[in-house]
Number of protein chains: 2
Amino acid sequence: MVQYAKPLARLVGEFEKLPGIGPKSAQRLAFYVLRLSNEEAQTLSDAITEVKAKIGYCKTCYNFTDQEVCDICRDSRRSEANICVVAEPRDLIAIEKTGEFHGKYHVLGGVLAPMEGIGPDQLKLRELLMRLQDAPVEEIVLAMNPTVEGDATAMYMAKLLKTLGIRVTRIAHGVPVGGDLDYADQATLIQAFEGRREM
Amino acid sequence: MVQYAKPLARLVGEFEKLPGIGPKSAQRLAFYVLRLSNEEAQTLSDAITEVKAKIGYCKTCYNFTDQEVCDICRDSRRSEANICVVAEPRDLIAIEKTGEFHGKYHVLGGVLAPMEGIGPDQLKLRELLMRLQDAPVEEIVLAMNPTVEGDATAMYMAKLLKTLGIRVTRIAHGVPVGGDLDYADQATLIQAFEGRREM
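This structure is a prediction, so every number in the text was calculated from the model and none was measured.

(A) Structural context of the pairing of strand E4 (residues 104-107) of chain B. Residues and elements named next belong to chain B. Because side chains alternate across E4, one face comprises the buried residues Lys104 and His106, and the other comprises Tyr105 and Val107, equally buried. Bridging between strand E3 (residues 82-86) and E4 involves 4 bridges; their strand directions are parallel. Opposite Val85, over in E4, you have His106 as the bridge partner.

(B) Expanded view of the relation of the copies chain B and chain A. Once turned by 180 degrees and shifted 0.0 Å along the axis, chain B lies on chain A with an RMSD of 0.0 Å. Taken together, the rotation and translation describe the operation of a two-fold axis. Ranked by how close their C-alpha atoms come to the rotation axis, the residues of chain B are headed by Ser45 of chain B, at 2.3 Å. Both copies present the same face, since 100% of the interface residues in chain B are matched by interface residues at the equivalent positions in chain A.

(C) Molecular detail of helix H7 (residues 148-162) of chain A. Residues and elements named next belong to chain A. For H7, built from 15 residues, the straight-helix expectation of 21 Å at 1.5 Å per residue is met to within 8% by its first-to-last C-alpha distance of 21 Å. For H7, every residue scored as buried is listed here: Gly150, Thr153, Ala154, Met157, Ala158 and Leu161. For H7, the angular spread of buried residues about the axis comes to 135 degrees, placing them on one side. H7 presents Val148, Met155 and Lys159 as exposed residues on the side facing more than 90 degrees away from its buried surface.

(D) Focus on the interface of chain B and chain A. On the side of chain A, 54 residues touch chain B, which itself brings 54 residues to the contact. Note on chain B versus chain A: buried area summed over both sides is about 5300 Å², and carbon and sulfur give 68% of it. The interface formed by chain B and chain A includes 2 salt bridges. Where chain B meets chain A, there are 9 residue pairs in polar contact (both at pLDDT 80 or more). At 14 residues, the largest contribution of residues to the side of chain B that touches chain A is made by helix H3 (residues 38-54) of chain B. Taken together, the residues of the side of chain B that touches chain A sort by class into 27 nonpolar, 9 polar and 18 charged.

(E) Region of the structure containing the side chain of Ser45 of chain B. Position of Ser45 of chain B relative to the elements: it lies in helix H3. Not counting residues up to four positions away in its chain, the partners in contact with Ser45 of chain B are Ser45, Ile48 and Thr49 of chain A.

(F) The arrangement of the confidence of the model for chain A in detail. Per-residue confidence for chain A gives a mean pLDDT of 89; residues scoring 70 or more make up 95%. Scored as a whole, the predicted complex attains pTM 0.77, and scored at its interfaces, ipTM 0.78.

(G) Structural view of the layout of surface pockets. The volume enclosed by the largest pocket comes to roughly 550 Å³. As for the largest pocket, its lining consists of 29 residues, of which Gln3 of chain A together with Asp71, Ile72, Arg78 and Glu96 of chain B are closest to the centre. Examining the composition of the lining of the largest pocket, we find that 5 residues originate from one element, helix H5 (residues 89-98) of chain B, more than from any other. Space inside the second largest pocket adds up to approximately 390 Å³. Residue lining of the second largest pocket: 23 residues in total, with Asp71 and Ile72 of chain A together with Gln3, Tyr4 and Ala5 of chain B positioned closest to the centre.

(H) Broad picture of the domain arrangement of chain A. Under the domain assignment, chain A is made up of domain 1 (1-40) and domain 2 (78-172). Inter-centroid distance (C-alpha atoms) of domain 1 of chain A to domain 2 of chain A is 39 Å.

(I) Examining the state of the cysteines more closely. All names here are of chain A. Scanning the entire structure with this criterion turns up 0 disulfides over all chains. Here Cys73 stays free of any disulfide, with the sulfur of Cys61 as its closest cysteine sulfur at 3.7 Å. Classification of Cys73 as buried rests on a relative accessible area of 12%.

(J) Representation of the environment of Gly13 of chain A in the model. Tracing the chain through its elements places Gly13 of chain A in helix H1 (residues 6-16). In this structure, the C-alpha to C-alpha distance between Gly13 of chain A and Ala30 of chain A, residues 17 residues apart in sequence, is 9.4 Å.

(K) Structural context of the pattern of salt bridges. Within this structure, the stated rule accounts for 22 salt bridges over all chains. Measuring nitrogen to oxygen at the nearest pair gives 2.9 Å for the salt bridge that ties Lys17 of chain B to Glu14 of chain B. We note a salt bridge from Glu139 of chain B to Arg167 of chain B, for which the minimum N-O separation is 3.4 Å. Of this pair, Glu139 of chain B sits in strand E5 (residues 139-142) while Arg167 of chain B sits in strand E6 (residues 167-170), and the two are 28 residues apart along the sequence. The class for Arg167 of chain B is partly exposed, based on a relative accessible area of 39%. When salt bridges with common partners are traced through the structure, they connect Arg10 of chain A together with Glu50 and Lys54 of chain B into a single cluster.

About the thresholds
Residues numbered from 1 in each chain as written. Chains lettered and ligands numbered in written order. Predicted model: local features only at pLDDT ≥ 70, side-chain atom pairs only at ≥ 80, totals over all residues. Heavy atoms only, no water. Buried < 20%, exposed > 50% of the residue type's maximum accessible area, 1.4 Å probe, protein only. Helix = DSSP H or I, 4+ residues; strand = E, 2+ residues; numbered from the N terminus. Pairing = 2+ DSSP bridges. Least-squares fit on C-alpha atoms with pLDDT ≥ 70 in both. Contact = heavy atoms within 4.5 Å. Expected span 1.5 Å × (residues − 1). Arc of directions from axis to C-beta. Buried area = accessible area lost by both parts, 1.4 Å probe. Salt bridge = Lys/Arg side-chain N within 4 Å of Asp/Glu carboxyl O. Polar contact = N/O pair within 3.5 Å; in protein donor to acceptor, adjacent residues only side chain to side chain. Nonpolar A, V, L, I, M, F, W, Y, C, P; charged D, E, K, R; others polar. pLDDT = per-residue confidence, 0-100. 1 Å grid on protein atoms, 1.4 Å probe; cavity = no way out; pocket = protein on both sides within 12 Å on 5 of 7 lines; lining within 4 Å. Points joined across faces, edges and corners; volume = space filled by probe spheres on them. Domains from an automatic or database assignment. Disulfide = S-S within 2.5 Å.

Here it is as structure tokens:
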């Protein structure tokens, strides 16, 4: 079969590992990199290593940050009384884009999935309970994806949190059921926020 | 608007520059990189810099190679008497995948596009004429894309090469007109090769 020169084959192989990139796209990307100037290629390469070196988890909400505590957690204009719980950082970004929520966040780092060995201890649940001891939280908005695992995680958390006397709501199923919160349009997400209901 | 941490914003921005990658895909890729181990991210990063450092042009055919002269040019089992001329290295790869052509290649590095300032001197045409002085070439197969520029380039070359008494053919328009040789399926490309006609 066709042989790329080894360094080229290696780069095509690396690109193929990326989500949503097939062999053809991987080849296109590799040829694109070959046409970049050395400086441009170096910038791309550095951005990859830098993101790994500098980005970690916020020690309060577990969002990605390049500081100890992220910008949102340090923002005193945002309400401490409302915490929106999401599964992944990308969900936080989707919600931030709506501009509809003015509280703080908590990123679980996944959803309950017993079949894959992800129980409550694998999520940042204990860390959320710790936060609740320190801050006067009035409402927790659960914003998991409306999937089987997302629903189960929301149910579990609602049960747990209500014993602490905190109001627990969940964003409405304006987000298409079975869909992905990350891909919902902003109008749908705003509706979902406004239609949140008691659990 | 939403603020990514700076190193993350930089990586998303870098990915957005890649062909076929929009803002959403760029974000997905960046989060994917964040989830990689440090070693995996380093491997990806290194593959990018390495390809720039080690890959250059074959000094005979101007395909990409990590050596002075590429594997195809050095392959003594391939006929010296047939040279297939393509615009870009990706076209060479598309043809190699068919397994139908057993001669050598010559990569022009583009097609004639006077509006963009690409004339004969910007392509590796002189280099092809030099090759013809040294080697007993019997047939040159022109395999440009069947686009306006590809057609013009083929016409120009046919005129030039026939004065040298060399048989010049062009792959048949089995490749959909206006389409991209790079995306043709192998059966179509094989047909195109078999149906090549005198120019």
